[in-house]
Amino acid sequence: MEHRVIPVHLRESYNVLIGGGLLAKSGSLIRVALGDCRLAVVTDRNVAGLYLDGVLTSLREAGYDTCSFVFPAGEQSKRMDTLSNLLEFFAEERLTRTDCVLALGGGVTGDLAGFAAGCYLRGIRYVQLPTTLLAAVDSSIGGKTAVDLPQGKNLAGLFHQPSLVLCDIDCFHTLPAEELSNGAAEAIKTGILEGEPLFSLLETGNVREHIEPIVAQCVRYKANIVGQDETETGPRKLLNLGHTAGHAIEKCSGFSIPHGYAVAIGLAIIARAAETLGAVDEPIAARTESALVRNGLPITTKFSPEALANAALSDKKRTGGQITLVVPRAIGACYFLELPTAQLENFFRAGMEAGK
Ligand code: ADP
Ligand code: ZN
């Protein structure tokens, strides 16, 4: 089966390949893009059980010398001591400047392995093999890497672009429904930013039915934005749509609400707030809610507007007395709104009372 190729244009450009059966062909695809080197596969225990043997077989068939590092699944592995173990593993394996790391897994694996690749020997190459929908449509592209600190999520990290992203859509068959919904939230976010035809696919169907075109359109949108703004000083900030409230909800829940679910509620709040405050060109709240609900996502929260505003304002994104929000005026048209921090609570309230 053929696959789609979406380029990310940067100083060192790379391709995102999307299609079925890519993991089984990963060895030859990596050889074309990277040539010969040693490959260190990094993956969590769940993904290792499902896909590691297949990937290692393909790599060996393509003539690669490999080693692999498997860590316990879950966000609690995305921290400094795992990073440190991983760096020591690379050193034990005597990886050199020309070798390469393969991040096989979801966002946790990509963030951790990408960070390790970015600082080992001051930076070696890595390839992303996203196996969750969230990683495929969002975190595997654009080179953001990080681990969490006890003081907060993603506090230590760096920008380090992958050399190749292989997005095998067959992997999503083994994803639990909750993980698929988690990724759908980022796809719906992209749909609100980009508009049609992506939004309609998510509004009238759900991600499982249209997985390939949805992933391809999300990747194309993100690749384009990252190509314009690698380090998030300008338009890349649009990708924070729904994330101010979303991060606040994650924080208030002690991170028991998954990222995508929190972003879903954040998208619903911002759409309703924009509509209630009369700042839209067309009705957007009902359409946003229906896309979210159709994909198994929540649209309301039990936390108060005050609690969310307090959590959001202790966030790193605050600058002085203003906070920058991304607000939709139509499906496919969002803008930056500079809001005085004192008004954030009322803004959230406008989007939360309308949801009752
Ligand atoms: P995310 O991608 O949502 O940021 P993780 O990397 O922690 O988060 O992945 C979420 C969970 O899904 C983890 O427990 C991981 O082991 C599991 N997982 C990842 N890919 C697959 C897959 N293709 N099939 C089944 N489970 C998977
Ligand atoms: Zn996100």
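Residues numbered from 1 in each chain as written. Chains lettered and ligands numbered in written order. Predicted model: local features only at pLDDT ≥ 70, side-chain atom pairs only at ≥ 80, totals over all residues. Heavy atoms only, no water.

1. Some words on the overall build of the protein chain
Rule in force here: Each helix is a run of DSSP H or I of at least 4 residues and each strand a run of E of at least 2, with the numbering of both proceeding from the N terminus. This radius of gyration counts C-alpha atoms alone. The globule rule is 2.2 Å times how many residues there are, raised to the power 0.38. Each residue is placed in one exposure class: buried if its accessible area under a 1.4 Å probe, protein chains only, is under 20% of its type's maximum, exposed if it is over 50%, and partly exposed if it falls in between. Contacts are assigned to residue pairs with any non-hydrogen atoms lying within 4.5 Å of each other. Every accessible area reported is derived by Shrake-Rupley at a probe size of 1.4 Å, with residue values counting cover from the shown protein chains alone. Residues scored as positive are Lys and Arg, those scored as negative are Asp and Glu, and His as well as the terminal groups of each chain are ignored. Here the site of a charge means atom NZ of a Lys, CZ of an Arg, CG of an Asp or CD of a Glu.
Across its full length, the protein chain carries 13 helices and eleven strands. Relative to a compact globule of 356 residues, whose C-alpha radius of gyration would be 21 Å, the protein chain shows 20 Å and is just as compact. Seen through its principal axes, the protein chain has C-alpha atoms that stretch 60 × 40 × 35 Å. Burial statistics for the protein chain: of 356 residues in total, 58% are counted as buried. Within the protein chain, contacts between residues separated by at least 24 positions form 73% of all contacts whose residues are at least 6 apart in sequence. For the protein chain, the accessible area works out to roughly 14500 Å², and carbon and sulfur atoms hold 51% of it. When the 32 positive and 39 negative side-chain charges of the protein chain are each reduced to one mean point, those points stand 3 Å apart.

2. Overview of the site of ligand 1
The line we're drawing: For each residue, the test is whether any non-hydrogen atom lies within 4 Å of the molecule or strand; if one does, the residue is near. In the analysis that follows, any N or O atom pair within 3.5 Å is treated as a polar contact, provided that within protein one partner can donate a hydrogen and the other can accept it, and provided that, for residues neighboring in sequence, both atoms belong to side chains. For this classification, the nonpolar set comprises Ala, Val, Leu, Ile, Met, Phe, Trp, Tyr, Cys and Pro, the charged set comprises Asp, Glu, Lys and Arg, and every other residue, Gly included, is treated as polar.
As a structural note, the neighbourhood of ligand 1 is formed by 17 residues, with Asp44, Gly107, Thr131, Thr132 and Thr174 the closest of them. For ligand 1, an oxygen atom lies 3.1 Å from a polar atom in the backbone of Val108. At a separation of 2.7 Å, a nitrogen atom of ligand 1 approaches a polar side-chain atom of Thr131. For ligand 1, whose free accessible area comes to 560 Å², the fraction covered by protein is 86%. Elements that contribute at least two residues to the shell around ligand 1 include exactly helix H2 (45-61), helix H4 (107-119) and helix H6 (177-194). Split into classes, the residues belonging to the shell around ligand 1 amount to eight nonpolar, seven polar and two charged.

3. Section: the coordination of the zinc ion (ligand 2)
Note the cut-off: We call an atom a donor if it is N, O or S and sits within 2.8 Å of the metal, or 3.2 Å for Na, K and Ca. Water is not counted, so some sites may look partial.
Only Glu186 (OE), His243 (NE2) and His259 (NE2) from the protein coordinate the zinc ion (ligand 2), and they sit 1.9 to 2.1 Å from it. All donors of the zinc ion (ligand 2) belong to a single chain; written as a sequence motif, their spacing is E-x56-H-x15-H. Residue His243 is located in helix H9 (residues 243-252), and its partner His259 is located in helix H10 (residues 259-276); the two are separated by 16 residues in the primary sequence. By relative accessible area, which is 7% here, His243 ends up buried.

4. Looking at the pattern of salt bridges
Defined as follows: When a carboxyl oxygen of Asp or Glu is within 4 Å of a side-chain nitrogen of Lys or Arg, the pair counts as a salt bridge.
In total, this model carries 19 salt bridges according to the counting rule given. Notably, a salt bridge pairs Asp81 with Arg79, separated by 2.6 Å at the nearest N-O pair. By relative accessible area, Arg79 is classed as partly exposed at 40%. Residue Asp138 pairs with Lys189 through a salt bridge whose shortest N-O separation is 3.8 Å. Of this pair, Asp138 sits in helix H5 (residues 133-139) while Lys189 sits in helix H6, and the two are 51 residues apart along the sequence. Owing to a relative accessible area of 2%, Lys189 belongs among the buried residues under this scheme. When salt bridges with common partners are traced through the structure, they connect Glu75, Lys78, Asp111 and Asp148 into a single cluster.

5. Examining the pairing of strand S11 (residues 333-340)
Operational definition: Two strands qualify as a pair provided that DSSP identifies no fewer than 2 bridges between them.
Sheet topology note: the strand S10 (residues 322-330)/S11 ladder contains eight bridges and is antiparallel. Bridged to Gln322 within S11 is Pro340. The loop that links S10 with its antiparallel partner S11 comprises two residues; one of these, Gly332, has a positive phi angle of about 100°.

6. Some thoughts on the domain arrangement of the protein chain
Note the following rule: Those domain boundaries reflect an automatic or database domain assignment. Buried area is a sum: the accessible area each of two parts loses on coming together, probed at 1.4 Å, counted once for each and added.
Once the domains are mapped, the protein chain shows domain 1 (4-173) and domain 2 (230-353). Inter-centroid distance (C-alpha atoms) of domain 1 to domain 2 is 30 Å. Contact residues are listed per partner, giving eight residues for domain 1 and six residues for domain 2. When the area that domain 1 buries against domain 2 is broken down by residue, the three leading residues are Lys144, Lys153 and Phe159, summing to 50%. The interface formed by domain 1 and domain 2 contains three salt bridges. When the shortest N-O distance is used, the salt bridge between Lys144 and Glu232 registers 2.6 Å. Summed over the shared surface of domain 1 and domain 2, the result is four residue pairs in polar contact (both at pLDDT 80 or more). When the residues that make up the side of domain 1 that touches domain 2 are grouped by side-chain class, the tally is three nonpolar, two polar and three charged.

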